[in-house]
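Given next are the chains, with one letter for each unit.
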Amino acid sequence: MIERFYPANDKVLKFKFVQNDEDFIVEEQAIKFSGNGSFLVLKIEKTNCDTWELIDRLAKFLNVFSNEIGYAGLKDKRATTIQYITIPKKYSKEIKLFKNKKIQILDTFLHNAKLNIGDLEGNRFKINLHDVEIADINHIQKIIKQISKDGMPNYFGYQRFGKEVVDNLAKAKDVVYGEEIVKDKKLSKMLVAAYQSSFFNAWLVERLKISKDEFELLDGDVFLDLQKDKLFTPKSITANILNDFKNSKITPTGLLPGRKVFKAVSEALKIEEKYDDMYIQEKGYRREAIVFPRDISCKYDASKKVCTLDFILPKGSYATVFVEYLANRNFS
């Protein structure tokens, strides 16, 4: 498994970071709900309960198939999380009787569509770092300023690959190449997604090593216009392109190999084609190489040696990567 690389940080910090329901809190930043329609949106707070467990418990309680329940994003188990899900409006009365120690329904809204993956603006995180020395706070604040200015590498975090990373990726490759059949469709998709993600991370490391000061744009790069949410490839890297990137209006993207996906050309293709696999039959995607966290705050309790971070990330980005950037080391 390739190590995630953070070139803008020149110091390794040894603070303690643990995911649990007190030190890792995440809240989805919801899309605007219509206020009417045939779906009921549930705003749910849960502790030590991942999204799959939440859906299973609600499906059993309502006696419905799990695919009738919509969700905008997957949330970690070892955390306190607030997320939005949808159920058919006809179960409005039944859901009022739902009770669970891990799960609390905070609010409800009407909406005109079932929530699907990606139907959120982003996620807000509140994270506690422990055993942080006073001498390290200045460095953490320095790196936060750097991230605020230039963004951060949008790696897939360690959670994407599971605990047995090497074994999981080997198994995923066997699935892709038809040498192993996994009957559980959900598991099969997760394995292939991890396999695709490994190519993206490896590509991102090579691109970051081209220039250690900042991400260097190449002719043929595929960009995402963050305002229009559209991909485009400029004829060349002009001053306007560089300026838009520095002003967080556009960002270069990397390939998650698969079918029907927009690919780089020219100079950028020479690197990208090394991290492609034509055998993957799942749909391919492009992912932002650099993302721009916002509303970052950092508070320090010297008596407890605890640093509390509060920040918002775009959807699909990993808070653990943000923390790894500050520590300049991989956690798993």
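What comes next is a walk through the structure. (Residues numbered from 1 in each chain as written. Predicted model: local features only at pLDDT ≥ 70, side-chain atom pairs only at ≥ 80, totals over all residues. Heavy atoms only, no water.)

**A word on the side chain of threonine 251**
Positionally, threonine 251 belongs in strand β10 (residues 250–256). What makes threonine 251 buried here is its relative accessible area of 1%. One polar contact links the side chain of threonine 251 to the main-chain carbonyl oxygen of isoleucine 290, over a distance of 2.7 Å. Apart from residues lying up to four places away in sequence, threonine 251 is in contact with Val222, Phe223, Leu224, Leu226, Phe245, Glu288, Ala289, Ile290 and Phe292. (Helix = DSSP H or I, 4+ residues; strand = E, 2+ residues; numbered from the N terminus. Buried < 20%, exposed > 50% of the residue type's maximum accessible area, 1.4 Å probe, protein only. Polar contact = N/O pair within 3.5 Å; in protein donor to acceptor, adjacent residues only side chain to side chain. Contact = heavy atoms within 4.5 Å.)

**Points about the pattern of salt bridges**
Enumeration over the complete set of coordinates arrives at 15 salt bridges. The closest approach of N and O atoms between glutamate 53 and arginine 57, which form a salt bridge, is 2.9 Å. With glutamate 53 and arginine 57 both in helix α1 (residues 51–62) and four residues apart, this pair spans about one turn of that helix. Of the charged contacts, one joins glutamate 133 and lysine 305 as a salt bridge, the two residues approaching to 3.3 Å between their closest N and O atoms. (Salt bridge = Lys/Arg side-chain N within 4 Å of Asp/Glu carboxyl O.)

**Observations concerning the packing of helix α3 (residues 134–150) against helix α8 (residues 319–327)**
Relative to each other, α3 and α8 sit at 125°, their axes nearing to 9 Å. With respect to α8, the element α3 is oriented oblique. Of the two elements, α3 crosses α8, and the hand of that crossing is right-handed. Of the residues in α8, those touching α3 at Ile140, Ile143, Ile144, Gln146 and Ile147 are Phe322, Tyr325 and Leu326. Across the contact of α3 with α8, the residue classes break down as seven nonpolar, one polar and no charged. (Axes fitted to C-alpha atoms, helices over the stretch in contact; angles between N-to-C directions. Parallel < 35°, antiparallel > 145°, perpendicular 65-115°, else oblique. Left-handed = near helix turned anticlockwise from the far one by under 90°. Nonpolar A, V, L, I, M, F, W, Y, C, P; charged D, E, K, R; others polar.)

**Things to note about the sheet that holds strand β9 (residues 230–232)**
A sheet is described by the order of its strands in space; here four strands give the open sequence β9-β8-β10-β11, paired in antiparallel fashion. Both edges of this open sheet fall to β9 and β11 (285–288), since each of them pairs with a single strand only. Across the sheet, the mean angle from the axis of one strand to that of its neighbour is 45°, orientation sign disregarded. For strand β8 (residues 223–225) and β10, the ladder comprises three bridges, and the chain directions are antiparallel. Each residue of the ladder has a partner; that of aspartate 225, found in β10, is isoleucine 250. Helix-sheet contacts for helix α6 (residues 239–246) involve β8, β9 and β10, and the interaxial angle to β10 is about 90°. (Pairing = 2+ DSSP bridges.)

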